[in-house]
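One letter stands for each residue in the lines below.
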Amino acid sequence: AQSVTQLDSHVSVSEGTPVLLRCNYSSSYSPSLFWYVQHPNKGLQLLLKYTSAATLVKGINGFEAEFKKSETSFHLTKPSAHMSDAAEYFCVVSDPLGNMLTFGGGTRLMVKP
Amino acid sequence: DTEVTQTPKHLVMGMTNKKSLKCEQHMGHRAMYWYKQKAKKPPELMFVYSYEKLSINESVPSRFSPECPNSSLLNLHLHALQPEDSALYLCASSQYDSGLAKNIQYFGAGTRLSVL
């Protein structure tokens, strides 16, 4: 069994300030974790994936996530928010094959000018 | 290139209509998926096709009928839908990632369906 909890349903930051989107997971397996982003009226785009090769994972558009096994967390960060980052972000854990994705509830990121 | 193409982008249908959603990928992915996403909610898995065979059906009502005619194409046939079926329908296909030793899913932009 697996589950994902995104701790904030909404996060609001000013442009140029850091972004932190929090995610905790539970998994019966060695976890495979992802972050997807969904811009308004769009599909989901893969931001980054945890491969177990490194605990700090770099993704697209300057985003990073750090895997912390002891805290069962996979928080998403970005040093400086851009207006174009405003979107819905989903933390996802996958089954061993990658067919069954369990989504967190999503975090809506708002970026103020 | 990780492009999954869905058509149409928008669809309005009555409860007695029959319509189909189409999903196409030319990346050689051998697994394809249908998801349903209601407003302000995460996607919910409906069906998984692996090597053109239905491998997972998440107890979806029979008014939704998937079809995989070939390895590049996935259809979702709709018949006698209800207004509560209005949602964004997302298609995904997956590529095997040797580093992760599992499939990575790539999503299309979706079809926004309204049932009147």
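Just so you know, these numbers come straight off a predicted model, no measurement behind them. (Residues numbered from 1 in each chain as written. Chains lettered and ligands numbered in written order. Predicted model: local features only at pLDDT ≥ 70, side-chain atom pairs only at ≥ 80, totals over all residues. Heavy atoms only, no water.)

A count of helices and strands for chain A gives 0 helices and 12 strands. Counting helices and strands in the order they occur from the N terminus, chain A gives β-β-β-β-β-β-β-β-β-β-β-β. C-alpha atoms of chain A, sized along the principal axes, occupy 40 × 30 × 20 Å. Put simply, chain A has 113 residues, and 46% of those count as buried. The contacts in chain A between residues at least 6 apart in sequence include a share of 56% that link residues at least 24 apart. Carbon and sulfur atoms provide 54% of the accessible area of chain A, an area that totals close to 5,200 Å². Put simply, chain A has 9 plus and 8 minus side-chain charges, and the middle of one group is 2 Å from the middle of the other. (Helix = DSSP H or I, 4+ residues; strand = E, 2+ residues; numbered from the N terminus. Buried < 20%, exposed > 50% of the residue type's maximum accessible area, 1.4 Å probe, protein only. Contact = heavy atoms within 4.5 Å. Areas by Shrake-Rupley, 256 points an atom, 1.4 Å probe, with all protein chains shown as cover. Lys, Arg positive; Asp, Glu negative; His and termini not counted. Charge placed at Lys NZ, Arg CZ, Asp CG, Glu CD.)

Judged by nonpolar contacts, the single largest core of 26 residues is most densely connected at Trp-35, Phe-74, Leu-76 and Tyr-89 of chain A. The element contributing the most residues to this core is strand S10 (residues 87–94) of chain A, with 4 residues. Judged by nonpolar contacts, the second largest core, of 22 residues, contains Met-32, Val-60, Leu-78 and Tyr-89 of chain B. (Core = buried A, V, L, I, M, F, W, Y, C linked by side-chain atoms within 4.5 Å.)

Residue and element names in this part refer to chain A. For the structure shown, the criterion picks out 11 aromatic pairs over all chains. Taking 5.9 Å as the distance between ring centres and 25° as the angle between the ring planes, the aromatic pair formed by Tyr-25 and Phe-67 counts as stacked. On the criterion of sequence distance, the pair formed by Tyr-25 in strand S4 (residues 23–27) and Phe-67 in strand S8 (residues 64–68) is long-range, its members being 42 residues apart. Ring geometry for Phe-90 versus Phe-103: centroids 5.9 Å apart, planes at 90°, classification edge-to-face. With Phe-90 in strand S10 and Phe-103 in strand S11 (residues 101–103), this residue pair connects regions lying 13 residues apart in the sequence. (Phe/Tyr/Trp six-rings, centres within 6.5 Å; stacked < 30°, edge-to-face > 60°.)

A full pass over the atoms with the stated rule returns 8 salt bridges over all chains. The residue Arg-22 of chain A makes a salt bridge to Asp-8 of chain A at a minimum N-O spacing of 3.1 Å. Of this pair, Arg-22 of chain A sits in the loop between strand S3 (19–21) and S4 while Asp-8 of chain A sits in the loop between strand S1 (2–6) and strand S2 (10–14); the two residues are 14 residues apart in sequence, bridging distant segments of the chain. You can call Arg-22 of chain A partly exposed: its relative accessible area is 33%. Because the salt bridges share partners, they merge into one network encompassing Lys-36, Arg-63 and Asp-85 of chain B. (Salt bridge = Lys/Arg side-chain N within 4 Å of Asp/Glu carboxyl O.)

Turning our eyes to something else, we now look at the state of the cysteines. All names here are of chain B. Applying the stated criterion across every chain yields a total of 2 disulfides over all chains. The disulfide that involves Cys-23 links it to Cys-91, with 1.9 Å between the sulfurs. Disulfide Cys-23 to Cys-91: torsion about the S-S bond roughly -70°, handedness left-handed. You can see Cys-23 sitting in strand S3 (residues 18–25) and its partner Cys-91 sitting in strand S9 (residues 87–97), a full 68 residues away along the chain. (Disulfide = S-S within 2.5 Å.)

Mapped onto the secondary structure, Ser-94 of chain A falls in strand S10. With a relative accessible area of 1%, Ser-94 of chain A lands in the buried category. Once residues lying within four places of it in the same chain are set aside, the contact partners of Ser-94 of chain A are Gln-2, Ser-32, Phe-34, Met-100 and Leu-101 of chain A together with Lys-102 of chain B.

Looking now at the environment of Asn-57 of chain B. Residues and elements named next belong to chain B. Along the chain, the position of Asn-57 falls in strand S6 (residues 53–57). Classification of Asn-57 as partly exposed rests on a relative accessible area of 40%. As a C-alpha pair, Asn-57 and Trp-34 span 23 residues in sequence and 9.8 Å in three-dimensional space. For Asn-57, the contacting residues outside a window of four places in its chain are Met-46 and Phe-47. Within the structure, Asn-57 has its side chain in polar contact with the backbone nitrogen of Val-60 (distance 3.1 Å). (Polar contact = N/O pair within 3.5 Å; in protein donor to acceptor, adjacent residues only side chain to side chain.)

That's the geometry; what it means functionally is another story.
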